[in-house]
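Chain residues, written in single-letter form:
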There are 2 protein chains.
Amino acid sequence: MQRVRAEYQPKLPKTLQHTVKVKQGDATQSVADQEEIQKLFPNTYGLPIVEFEVDDAPSRVEEPFNVGIILSGGQAPGGHNVVSGIFDGIKKLNRESRLYGFLMGPQGFVDHQYMELTAGIIKDYRNTGGFDIIGSGRTKLETPEQFDKGLKILEELNIKALVIIGGDDSNTNAAVLAEYYKAKGVDVQVIGCPKTIDGDLKNKWIETSFGFDTACKVYSEVIGNIQRDCNSAKKYYHFIKLMGRSASHIALECALQTQPNICIISEEVAAKRMTLDNIVSYIAYVVSERAKLGWNFGTVLIPEGLIEFIPSMKQLINELNDVLTEHADEVASLEEMERLQKVHSYLTPVNAELFKSLPKAIALQLTLDRDSHGNVQVSLIETEKLISEMVEKRLEEMKEQGLYSGKFATQHHFFGYEGRCADPSNFDADYTYALGYNAAMLINAGLTGYMSSVRNLTAPTEEWIAGGIPITMMMNMERRHGKMKPVIQKALVELNGKPYLKFASQRETCALNTLYQYPGPIQYFGPSEICDRPSMTLLLEHDKIS
Amino acid sequence: MQRVRAEYQPKLPKTLQHTVKVKQGDATQSVADQEEIQKLFPNTYGLPIVEFEVDDAPSRVEEPFNVGIILSGGQAPGGHNVVSGIFDGIKKLNRESRLYGFLMGPQGFVDHQYMELTAGIIKDYRNTGGFDIIGSGRTKLETPEQFDKGLKILEELNIKALVIIGGDDSNTNAAVLAEYYKAKGVDVQVIGCPKTIDGDLKNKWIETSFGFDTACKVYSEVIGNIQRDCNSAKKYYHFIKLMGRSASHIALECALQTQPNICIISEEVAAKRMTLDNIVSYIAYVVSERAKLGWNFGTVLIPEGLIEFIPSMKQLINELNDVLTEHADEVASLEEMERLQKVHSYLTPVNAELFKSLPKAIALQLTLDRDSHGNVQVSLIETEKLISEMVEKRLEEMKEQGLYSGKFATQHHFFGYEGRCADPSNFDADYTYALGYNAAMLINAGLTGYMSSVRNLTAPTEEWIAGGIPITMMMNMERRHGKMKPVIQKALVELNGKPYLKFASQRETCALNTLYQYPGPIQYFGPSEICDRPSMTLLLEHDKIS
């Protein structure tokens with residue numbers, strides 16, 4: 001399989017199949033806080049959007065140049081194709097150009113850990129998942145010391161440009177680095193590539209981040225399989241948590257693909273200021289209504305970050321952070337039940353009540369596991385179990401009141417690592433290859449502080465539009481760790497966006513019927529309608545389906 | 001996808017593409033306990049193995065006949081194709097023949113819940129996963145009352161033969177039912193079909209049970225994805241539990257496909273009388289050796305049934321069952337820590353020591369959750385967490401002794417429901433369709449007490465051999481719930497079998513290197529070498545690979 005898949009030749013946009021020249025647009029502005037952003041990026045602010053077009057001039061030989069790449073943050077399917085796209089792009093311009101990969105993420109750049117990526121090495125990674133070709137890491141590239149240390153190895157290797165493949169934070173840092181080198185008068189370009197399975201790095205110019213398509217398809221495959229099981233055995237409620245802490249794009253896309261009975265969207269919870277109790281009531285309502293129809297089975301999708309979107313839970317966690325810091329030693333010395341009582345006694349009444357309503361194991365965990373900053377580790381909470389236990393309790397109460405008479409047995413799942421490193425779908429394989437190839441062209445055009453941009457993604461690959469977007473254009477000022485910082489705006493699920501509206505329009509029908517879809521595994525060799533289809537999110541956003 | 005996949009026409013063995021006649025072999029014997037089995041099955045014992053061959057006689061019109069089917073037990077990919085194979089088979093013999101499906105498993109047969117399966121209904125389920133066409137259930141068909149109740153509906157619908165699609169227990173019951181009807185002089189035939197993802201219903205004549213191939217491929221896909229993630233991030237040990245309580249075929253097949261660092265085989269644990277401590281030591285050893293090489297990441301596969309194969313754990317659980325029954329009220333009234341101490345005090349020294357070595361959460365669970373017979377619910381034990389916690393503790397001890405200096409962070413996964421209802425691989429789609437079609441021919445040949453058998457499965461489909469095996473032939477006497485019963489011998493992983501030997505031969509290399517394989521998703525439309533390839537287990541057993 002890996003051997004045959006390696007032979008797949010990703011499709012390139014028509015423009016990139018030729019020699020290209022730059023078409024410049026007008027000067028740009030950041031999405032907000034223009035004055036502050038301009039002040040922070042005096043040398044890279046206001047650059048024009050660029051688009052490549054076919055250059056009909058007689059072809060010329062370009063000077064060879066060397067490129068360094070960094071894979072930053074969590075894995076996403078297609079990373080290896082960004083690498084091979086860059087490689088093929090720079091080699092197309094000049095066979096003498098070289099590509100260097102920094103090992104295990106930004107830290108490899110700072111510590112001068114690298115390898116040259118040759119044709120022989122890249123061959124084995126074409127169209128494969130994972131970032132294992134050079135590894136990835138979560139070190140944040142943000143201090144002048146790191147920039148200067150990195151600069152040394154760039155100069156040593158005669159590297160003309162650095163490509164940073166990462167999410168919103170990493171691309172923000174790419175912009176900061178570009179500005180830093182420019183301000184310093186150093187001739188090194190910095191180009192970003194939009195990566196994250198979470199799908200929260202997107203905007204008018206970046207239609208989707210790579211990896212989202214593949215990861216959602218893998219999750220939808222297994223969710224579909226579970227739903228088929230659920231509908232065959234007819235005896236379990238499956239609570240399925242999906243990766244994605246800061247936005248619910250993955251849960252939404254999977255819900256659109258598989259039509260579960262219930263899917264919670266964090267952004268809706270936040271916007272409507274829903275409580276944990278509201279969520280539990282809603283699920284218990286659906287379970288009891290289905291029981292009336294004779295169905296004691298169903299599926300519930302839950303986004304990983306849900307807890308942090310529930311305003312009351314957020315308040316409770318904030319107060320817990322304070323209480324646990326203030327009374328750390330006292331609390332640590334107590335046995336479980338006493339600890340819960342003591343913490344409870346320190347909380348303000350509203351938070352105390354919510355704390356008391358939580359299942360004991362979860363409440364205990366909130367008083368125990370804390371990160372290096374002393375904060376409650378929200379990511380360790382098994383949200384899918386928390387919610388299913390609370391639903392079970394609610395159903396028991398309803399049973400006593402004669403409002404419910406079904407059976408409620410549960411299974412729990414969490415999908416994340418299953419999809420982050422899957423072999424990319426044809427869509428992601430093509431998209432990432434184009435992003436990489438396009439990055440090589442941006443470098444050749446002498447640009448810095450740009451993100452590689454390939455657009456018009458729901459059209460056939462040939463018609464995709466390739467170019468670059470100044471990263472500063474996507475920025476605004478946000479509070480991070482108590483300080484205002486320039487950052488790329490994170491894209492949350494929009495409640496007036498077409499994907500959410502589509503989901504909301506069929507939510508009731510899906511809850512009270514059994515309309516499961518079973519998308520099956522990603523296919524590489526079949527009809528284009530199956531193999532090359534983009535995500536439902538993208539198709540809806542582009543009005544390609546309704 | 002579902003639409004396109006529905007158009008797939010499963011390949012049939014050459015023989016079944018023609019009119020067939022029966023070639024009878026010699027009379028058979030059961031695998032053991034011949035005298036007792038013969039006494040219990042006076043009318044269906046000793047029947048010959050039959051094989052179909054092409055009938056060159058001028059074709060004749062067969063009488064129409066009606067068939068009933070039952071899906072029994074856990075889902076397995078391909079069940080719907082058994083149904084469509086039977087349907088196409090009986091319709092081929094006579095368009096007037098009818099197929100009835102009993103709803104939600106054997107209970108539908110007893111309660112006369114059924115539906116007729118018409119061409120229009122079956123069309124939507126061809127080549128799909130799941131048993132949702134008529135549902136499945138776990139009721140055991142074993143009492144004369146059930147048989148007689150079922151007989152009424154068979155007579156009412158003029159059903160000539162009942163096909164039971166199930167695992168070893170269900171097929172055992174099919175044989176008992178066949179004998180019962182025969183003894184009673186009732187003209188109803190009973191035919192079994194070998195189903196179970198666990199792969200433990202196989203022998204000389206049944207090369208594999210259906211669903212094993214697909215389920216293992218789905219698990220291997222996600223294990224491969226996790227391994228790619230593991231090898232990219234290089235910071236976690238992933239403990240992955242795989243479905244399959246009574247045998248380790250699934251874990252073994254997945255290990256062969258994906259080459260994890262560690263895979264525990266329950267049958268080996270039992271044969272070598274390994275303790276939990278031995279297993280923990282082995283894993284801790286591999287982790288520490290990998291740490292010396294600079295690798296603080298890895299993958300560990302664990303079969304779901306492991307605990308019950310560890311002799312000392314089995315003893316502990318047996319004693320716990322006694323202690324908890326004897327002191328039920330006393331234990332139930334105690335708070336957690338006191339309960340653990342009390343239970344501990346009642347255990348014999350060896351078991352007490354083992355009990356004390358268990359992580360607290362697991363020990364508590366063993367004292368709490370009991371099934372309707374009052375027994376400890378072994379299946380609820382999160383074995384993957386139990387083992388990883390014990391390994392962590394062991395590594396801390398080793399660290400104190402200066403024997404280990406790595407990092408050990410873990411992730412846990414359990415895969416089961418993700419694969420039981422996947423769309424069948426081409427192998428399973430073809431195999432199940434042939435099993436069903438073949439069952440129709442067995443019925444037409446007037447046989448009862450037979451299992452549908454399609455063999456030579458590693459050859460091209462055309463060359464597969466179709467026929468029937470008397471179920472009594474696979475039986476021996478075993479103790480079940482305290483009584484000796486005739487049952488089909490369960491196939492455990494053989495420690496002198498080629499699949500295990502292959503695994504064992506590369507175990508050390510896989511542990512101390514990173515040789516992960518990433519099989520990717522099941523493909524339907526690509527080259528035959530990818531789409532039609534049987535399981536590694538089967539290929540090794542048939543000497544097709546080494």
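See the structure shown above.
The rules we used
Residues numbered from 1 in each chain as written. Chains lettered and ligands numbered in written order. Predicted model: local features only at pLDDT ≥ 70, side-chain atom pairs only at ≥ 80, totals over all residues. Heavy atoms only, no water. Helix = DSSP H or I, 4+ residues; strand = E, 2+ residues; numbered from the N terminus. Buried < 20%, exposed > 50% of the residue type's maximum accessible area, 1.4 Å probe, protein only. Contact = heavy atoms within 4.5 Å. Areas by Shrake-Rupley, 256 points an atom, 1.4 Å probe, with all protein chains shown as cover. Lys, Arg positive; Asp, Glu negative; His and termini not counted. Charge placed at Lys NZ, Arg CZ, Asp CG, Glu CD. Least-squares fit on C-alpha atoms with pLDDT ≥ 70 in both. Salt bridge = Lys/Arg side-chain N within 4 Å of Asp/Glu carboxyl O. Patch = residues over 30% accessible without salt bridge, like charges linked within 9 Å, V, L, I, M, F, W, Y side chains within 5 Å. Axes fitted to C-alpha atoms, helices over the stretch in contact; angles between N-to-C directions. Parallel < 35°, antiparallel > 145°, perpendicular 65-115°, else oblique. Nonpolar A, V, L, I, M, F, W, Y, C, P; charged D, E, K, R; others polar. Buried area = accessible area lost by both parts, 1.4 Å probe. Phe/Tyr/Trp six-rings, centres within 6.5 Å; stacked < 30°, edge-to-face > 60°. Pairing = 2+ DSSP bridges. Right-handed = clockwise from strand over helix to strand, strands pointing away. Expected span 1.5 Å × (residues − 1).

**Description of the overall build of chain A**
In step 1: What chain A contains, in helices and strands, is 23 helices and 15 strands.
In step 2: With respect to the three principal axes, the spread of C-alpha positions in chain A is 85 × 55 × 40 Å.
In step 3: Among the 546 residues that make up chain A, the fraction classed as buried is 61%.
In step 4: Of the contacts formed within chain A by residues at least 6 apart in sequence, a portion of 78% connects residues at least 24 apart.
In step 5: For chain A, the computed accessible surface area is about 20900 Å², with 48% contributed by carbon and sulfur atoms.
In step 6: Taken as two groups, the 57 positive and 70 negative side-chain charges of chain A have centres that lie 3 Å from each other.

**Digging into the relation of the copies chain B and chain A**
In step 1: Of the transformation placing chain B onto chain A, the axial shift is 0.0 Å and the rotation is 180°, giving an RMSD of 0.1 Å. The superposition operator between the copies reduces to a two-fold rotation axis.
In step 2: A shared binding surface is used by both copies, with 100% of the interface residues of chain B retained as interface residues in chain A.

**Things to note about the pattern of salt bridges**
Residues and elements named next belong to chain B.
In step 1: Applying the stated rule across the entire model yields 58 salt bridges over all chains.
In step 2: In this structure, Asp200 and Lys490 form a salt bridge, with 3.3 Å as the shortest nitrogen-oxygen distance. With Asp200 in the loop between strand S7 (189-194) and helix H8 (212-233) and Lys490 in the loop between strand S15 (483-488) and helix H21 (498-512), this residue pair connects regions lying 290 residues apart in the sequence.
In step 3: Relative accessible area serves as the criterion here: at 2%, Asp200 is assigned to the buried category.
In step 4: The closest approach of N and O atoms between Arg394 and Glu397, which form a salt bridge, is 3.6 Å. Of this pair, Arg394 and Glu397 both sit in helix H18 (residues 383-400), three residues apart, which is roughly one turn of the helix.

**Remarks on a negative patch on the surface**
In step 1: Among the surface-exposed residues, Glu389(A), Glu392(A), Glu396(A) and Glu400(A) lie close enough to one another that they form a single negatively charged patch.
In step 2: Structurally, Glu396(A) is set in helix H18 (residues 383-400).

**Things to note about the packing of helix H13 (residues 311-326) of chain B against helix H16 (residues 349-357) of chain B**
All names here are of chain B.
In step 1: Between H13 and H16, the least distance of the axes is 10 Å, while the angle of their chain directions is 100°. It follows that H13 is roughly perpendicular to H16 by the angle criterion. Side by side, H13 and H16 meet where Ser312, Met313, Gln315, Leu316, Glu319 and Leu320 of the first sit next to Asn351, Leu354 and Phe355 of the second.
In step 2: Split into classes, the residues belonging to the contact of H13 with H16 amount to five nonpolar, three polar and one charged.

**Some thoughts on the interface of chain B and chain A**
In step 1: At the interface, 56 residues of chain B touch 56 residues of chain A.
In step 2: The contact between chain B and chain A buries some 4300 Å² in all, and 50% of this surface belongs to carbon and sulfur atoms.
In step 3: Among the residues chain B hides against chain A, the three largest losses belong to Arg228(B), Tyr417(B) and Glu418(B). Together they make up 16% of the total.
In step 4: Our count for the chain B to chain A interface comes out at 10 salt bridges.
In step 5: Residues Asp229(B) and Arg420(A) are paired through a salt bridge, measuring 2.7 Å at the closest nitrogen-oxygen approach.
In step 6: Top contributing element to the side of chain B that touches chain A by residue count: H8(B), with 10 residues.
In step 7: Residue composition of the side of chain B that touches chain A, by class: 22 nonpolar, 18 polar and 16 charged.

**Observations concerning the packing of aromatic side chains**
All names here are of chain A.
In step 1: Summed over all chains, the structure comprises 28 aromatic pairs over all chains.
In step 2: Judged by centre distance (6.5 Å) and plane angle (65°), the rings of Phe102 and Tyr114 are edge-to-face. Residue Phe102 is located in strand S4 (residues 98-102), and its partner Tyr114 is located in strand S5 (residues 114-116); the two are separated by 12 residues in the primary sequence.
In step 3: Using a relative accessible area of 0% as the deciding quantity, one classes Phe102 as buried.

**Here we look at the sheet that holds strand S6 (residues 159-166) of chain A**
All names here are of chain A.
In step 1: Across the sheet, nine strands lie side by side as S1-S2-S13-S12-S7-S6-S3-S4-S5; this open sheet has mixed pairing. The outermost strands of the open sheet, each flanked by one partner alone, are strand S1 (20-27) and S5. Sheet twist, expressed as the mean angle between neighbouring strand axes with direction ignored, is 25°.
In step 2: Both S4 and S5 contribute to a ladder of three bridges, which runs antiparallel. Note that in S5 the partner of Gly101 across the bridge is Met115.
In step 3: Here helix H3 (residues 79-93) sits on the sheet and contacts strand S3 (66-71), S4, S6 and strand S7 (189-194); the angle it forms with S4, its principal contact strand, is near 155°.
In step 4: The sheet contacts of helix H20 (residues 426-444) involve S1, strand S2 (48-54), S3, S6, S7, strand S12 (450-455) and strand S13 (465-470), and relative to S12 the element is tilted by about 135°.

**Structural notes on the sheet that holds strand S5 (residues 114-116) of chain B**
All names here are of chain B.
In step 1: Across the sheet, which stays open at both edges, the nine strands sit in the order S1-S2-S13-S12-S7-S6-S3-S4-S5 with mixed pairing between neighbours. The open sheet has two edge strands with one neighbour each: strand S1 (20-27) and S5. In this sheet, adjacent strand axes meet at a mean angle of 25° when their direction is disregarded.
In step 2: Bridge count for S1 against strand S2 (residues 48-54) is six bridges, and the pairing is antiparallel. The residue of S2 that forms the bridge with Ala27 is Pro48.
In step 3: Lying on the sheet, helix H3 (residues 79-93) is in contact with strand S3 (66-71), strand S4 (98-102), strand S6 (159-166) and S7; it crosses S4 at an angle near 155°.

**Some thoughts on the pairing of S7(B)**
All names here are of chain B.
In step 1: Most of S7 sits inside the fold, with six of its six residues counted as buried.
In step 2: The two faces of S7 match: Gln189, Ile191 and Cys193 on one face and Val190, Gly192 and Pro194 on the other face are all buried.
In step 3: Taken together, the six bridges between S6 and S7 define a ladder with parallel strand orientation. Following the sheet pairing, Ile164 is matched in S7 by Gly192.
In step 4: With helix H7 (residues 168-183) bridging S6 and the parallel S7, this β-α-β connection has right-handed handedness.
In step 5: Both S7 and strand S12 (residues 450-455) contribute to a ladder of two bridges, which runs parallel. Each bridged residue has a counterpart across the sheet, and for Ile191 the counterpart in S12 is Tyr450.

**Regarding H3(B)**
In step 1: Taking 1.5 Å per residue, 15 residues should reach 21 Å; H3(B) reaches 22 Å between its end C-alpha atoms and fits that length.
In step 2: Of all 15 residues that make up H3(B), 14 are buried, and the element is covered over most of its length.

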